[in-house]
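Single-letter residue listing:
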Amino acid sequence: MTQFYSEHSKVWLSVDCIIFGFDDGKLKVLIGKRHMDPGRGEWSLYGGFVSSDESVDEAATRTLYELTGLRNVFMRQVGAFGKVDRDPGERVVSIAYYALINVNDYEDHLLKEHGLQWVNIEELPQLYSDHNEMIQKARKMMQQKLAHEPVGFRLLPNLFTLTQLQKLYEAVNGSELDKRNFRKRIKEMDYIEKTELIDKTSSKRGAYLYRFNKRVYNEDPNFKL
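Residues numbered from 1 in each chain as written. Predicted model: local features only at pLDDT ≥ 70, side-chain atom pairs only at ≥ 80, totals over all residues. Heavy atoms only, no water.

Novice: Hey, could you run me through the overall build of the protein chain in this one?
Specialist: Along its length, the protein chain carries six helices and nine strands. For the protein chain, the spread of C-alpha atoms along the principal axes amounts to about 70 × 35 × 30 Å. Looking at the protein chain as a whole, 43% of its 225 residues are labelled buried. Considering only contacts in the protein chain between residues 6 or more positions apart, those separated by 24 or more positions represent 65%. Summing over all exposed atoms, the protein chain offers an accessible surface of approximately 13700 Å²; the carbon and sulfur share of this is 47%. Counting 33 positive and 33 negative side-chain charges, the protein chain places the centres of these two groups 7 Å from one another. (Helix = DSSP H or I, 4+ residues; strand = E, 2+ residues; numbered from the N terminus. Buried < 20%, exposed > 50% of the residue type's maximum accessible area, 1.4 Å probe, protein only. Contact = heavy atoms within 4.5 Å. Areas by Shrake-Rupley, 256 points an atom, 1.4 Å probe, with all protein chains shown as cover. Lys, Arg positive; Asp, Glu negative; His and termini not counted. Charge placed at Lys NZ, Arg CZ, Asp CG, Glu CD.)

Novice: Would you take a moment to explain the pairing of strand S2 (residues 26-33) for this structure?
Specialist: Regular strands show a simple pattern: their side chains alternate between the two faces of the sheet. Most of S2 is tucked away, with six of its eight residues classed as buried. Summarising the sheet, strand S1 (residues 12-23) and S2 pair through four bridges and their orientation is antiparallel. Each bridged residue has a counterpart across the sheet, and for Asp23 the counterpart in S2 is Lys26. Taking the residues that link successive antiparallel strands as the turn, the S1-S2 hairpin has two residues, and the phi of Asp24 there is positive, at about 55°. (Pairing = 2+ DSSP bridges.)

Novice: Mind showing me how you'd approach the pattern of salt bridges here?
Specialist: Pairing of side chains with opposite charge becomes possible as their charged atoms draw close. If you walk through the whole model with that rule in mind, you get 10 salt bridges. Notably, a salt bridge pairs Asp37 with Arg40, separated by 3.3 Å at the nearest N-O pair. Neither residue differs from the other here; Asp37 and Arg40 are each classed as exposed. Here Arg185 makes a salt bridge to Glu188, at a shortest N to O gap of 2.6 Å. The exposure class of Glu188 is partly exposed, given its relative accessible area of 48%. Linked by salt bridges that have partners in common, Glu54, Arg62 and Glu66 make up one network. (Salt bridge = Lys/Arg side-chain N within 4 Å of Asp/Glu carboxyl O.)

Structure follows, in structure tokens:
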């Protein structure tokens, strides 16, 4: 190690991962109890410090894989959180990321291994440090993203009903949508395909299942809802 910058105080750099999932009509966040001081036992996001041999993106990707066991997950940087007193342990700056996963792809044994829970975003407890603020900012970014890009399909199974799709948008935005207007808009989107399959889990009559056609979307990427 060189002696450059030795006259300056050191700052720790970490990453925090906000994992969104959609289940039972609710937008959920993966949180757990801290296993370290300071804040041991407090509800928290999952994160870690950036190693000297990796970028912040690499650290976030590594942390996300450790947490979910999944690769090629949709992930975007939320921003830097660096209030002087945000961490009572040391001067720590954290780079937050949010990721979208299908809860069905997440192995239950990982919940027990890491001591994690899926919690409804509307019922989050007070989290460690500024983690609630991170989640709020990430949700706003996802709302903006969802208005222009079909990223929400990453939270759904490959086959879904229009009711599921509408509930997803309502959960992300935190407000109800008019069913007639929503379905009218969906019919205008060629990349949302109606299949011949019917889901009968919610009613005897059943509902047609739909799927997202990525190829069609890439040919006509205009998306606004």
